[in-house]
Amino acid sequence: MADKEISLNRGLQGVYLDRTNTTFIDGKEGVLEYSGYNIHDLAENSNFEETSYLLMYGELPNQKQLDEFDASLKNARVLPQQAYDVIDIVKDSHPMDVLRTTISTLSSFDEDRDDFSEDAIIRKGIRLTSQVPIIVMAHNRMRKGLDPIESSKTLPHAANFLYMLEGEEPSEDTAKLMDTDFVVHADHGCNASAFTTRVVTGTNADFYGSITAGIAALSGPSHGGAAEGVMELAKDVGTPENAAAHVKNLLANRERVMGFGHRVYKAADPRAKHLKDGVKKLSEEKGETAWYEILLAVQEAMTPYARRGIHANVDFFAGAVYYLIGIPQDLFVPIFAVGRIPGWTIQILEQMRHNILIRPLLQYTGERSKEYIPITKRD
Ligand code: ACO
C-alpha cells in the first residue's frame, strides 16, 4: 500500500483504543480522575482500600460495602507455600523479575483458576492486591537469609506493607504517605502496562497471564523503572549546587532526566504534587532534607523544559519517599505494582466485557519478491 494511504502512529501515540468508564486523564490541563473523582480529593480524603473498591466497582462504597471489601483484602493476606518455594529459587534476581515469576506461579494455585466470570476476576483482583505486597516483602527478607514477616491481620493495606519490611509498625504519618502513594498509582488509563494487560486479555488468556505481562511492561525504565533511576540521579547530583550543571550535561548528551516527561501529561502531573508534599514533610520529620533539596534543585534546573511540556512526573518524588522510609532501591518499581493491581484488574474486566482481539498492523518497509537461493549457492 502506498505511504500516503497509511496512517502510521508510531507508539500508538494519540490513538484511542477503546472506551472506558474508569480513568479520565486530561494531559493538557493535568487532570486525573478515577470513576469521576478527582485524584486530589482521593489522595487527600480517601485511602487505598476505598480507592481500590472505587476502581473495581466503579462507585464509592458505603460503610458496609467498604468493611466487607476490607475484610476480603485482609483474608487474602496469605501466599501458598509453593509461591515461597518459587521466590526462594529465583531470589537472586531483580525483585520485579521475582514478582513476575511468582505471580505467574499463583495461577496454578488459584481456586478460581478456570473461572473467567466477572465475580471471579474481582475475587482474583482482591486476592492479588493482598498477595503482591507479601511477595515483594517476603522476597526482600528471603534474599537476605531472613524469614518473611507474616502479614498483620488488622493493619490497613499500606501500614501492613511497611510492617512486613522489618516487623515494625510504621508511624501514622508514614503509613498515610505510603497509602497516598498507592492511591495515586492505582490506575492510569491505557499506559504501557495496562495496554499490555489488555492485549493479553484480548486473546482470552487468563488473569494471571495478563498481570504477569503487565508486570514485565512496568519493569522498564521508561515506565515504572523511573523511580529507581531518580534516586540514582539524586545520588549522582550529590548536592543542590551541582544540579544545574548535572542536568545541563545530561541534556547536552541527549540523555533523559529520570522522573521527567510523560506521554500524556504536557502540564504538571497531578500525582506528583502529593508525593512532593509528602517528601517535604517526611524529610523535615526525619531531619534529613538533603534529598528533597537536591530534587527541588533538579526540578528548578528543568524549569525551562516545562515550556516544552516536560514536567516532573509521579515517579520524580516517589523514589525519595521510599528512600526516606528505608525501602531498598530495587523495590521501588515493585511498589508501583503493589498500587497498580486494582487498576490492572479493572482494565482486564473492561477489556473482557466487550472483548476484541487487539491486533494492529505494521507497515512493511523491507524488500519484496526476492529470489530464494539454496544455501549451497549463497556467497
Ligand atoms: N529528559 C530529557 N528530555 C526529555 C525527557 C526527559 N525525561 N522526556 C522527554 N524529553 C524530550 C525528548 O528528548 C524529546 O526531545 P526531542 O523532540 O528534541 O527529541 C521530547 O522530549 C519528546 O520525547 P519523547 O520520548 O518523544 O516523548 P514520549 O512522550 O514518548 O516520552 C517518556 C515519554 C518515555 C516518559 C519520556 O518523557 C521519558 O523517557 N522520561 C524519563 C523516564 C521517566 O520518567 N519515565 C516515567 C514516566 S511516568 C510513569 O510511567 C509512571
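Residues numbered from 1 in each chain as written. Predicted model: local features only at pLDDT ≥ 70, side-chain atom pairs only at ≥ 80, totals over all residues. Heavy atoms only, no water.

J.: Which parts of the structure should I look at to understand the packing of aromatic side chains?
T.: We describe a pair of aromatic rings using the distance from one ring centre to the other and the angle between the two ring planes. Enumeration according to the criterion identifies ten aromatic pairs in this entry. Their ring planes at 85° and their centres at 5.4 Å tell us that Tyr53 and Phe69 sit as a pair that is edge-to-face. With a gap of 16 residues between them, Tyr53 in helix α2 (residues 48–57) and Phe69 in helix α3 (residues 63–75) connect regions that are remote in the sequence. Judged on exposure class, the residue Tyr53 and its partner Phe69 are both buried. Consider the rings of Phe161 and Phe182, whose centres lie 5.6 Å apart with planes at 70°: the pair is edge-to-face. Residue Phe161 is found in helix α7 (residues 157–166), and its partner Phe182 is found in helix α8 (residues 172–185); the two are separated by 21 residues along the sequence. (Phe/Tyr/Trp six-rings, centres within 6.5 Å; stacked < 30°, edge-to-face > 60°. Helix = DSSP H or I, 4+ residues; strand = E, 2+ residues; numbered from the N terminus. Buried < 20%, exposed > 50% of the residue type's maximum accessible area, 1.4 Å probe, protein only.)

J.: Is there a simple way to explain helix α17 (residues 332–353) in this structure?
T.: Each full turn of the α-helix corresponds to 3.6 residues, which orients residues three or four apart in the same direction. For α17, which comprises 22 residues, the first-to-last C-alpha distance of 32 Å matches the rise-based estimate of 32 Å (1.5 Å per residue) to within 8%. The sharpest bend along α17 measures roughly 50° and falls at Arg340, with the proline Pro342 sitting one to four residues further on. Among the 22 residues that make up α17, 20 are buried, leaving the element largely enclosed by the rest of the structure. (Expected span 1.5 Å × (residues − 1). Bend = angle between axes of the 7 residues up to and from the residue.)

J.: I would appreciate a short explanation of the site of the ligand in the present structure.
T.: Taken together, the neighbourhood of the ligand is formed by 22 residues, with Arg256, Val257, Gly259, Phe260 and Asn313 sitting nearest. Within the backbone of Ser222, one N or O atom sits 3.2 Å away from a nitrogen atom of the ligand. Summarising the interface, the protein chains cover 73% of the accessible area of the ligand, which totals 910 Å² for the free molecule. Across the shell around the ligand, the residue classes break down as nine nonpolar, six polar and seven charged. (Near = heavy atom within 4 Å. Polar contact = N/O pair within 3.5 Å; in protein donor to acceptor, adjacent residues only side chain to side chain. Areas by Shrake-Rupley, 256 points an atom, 1.4 Å probe, with all protein chains shown as cover. Nonpolar A, V, L, I, M, F, W, Y, C, P; charged D, E, K, R; others polar.)

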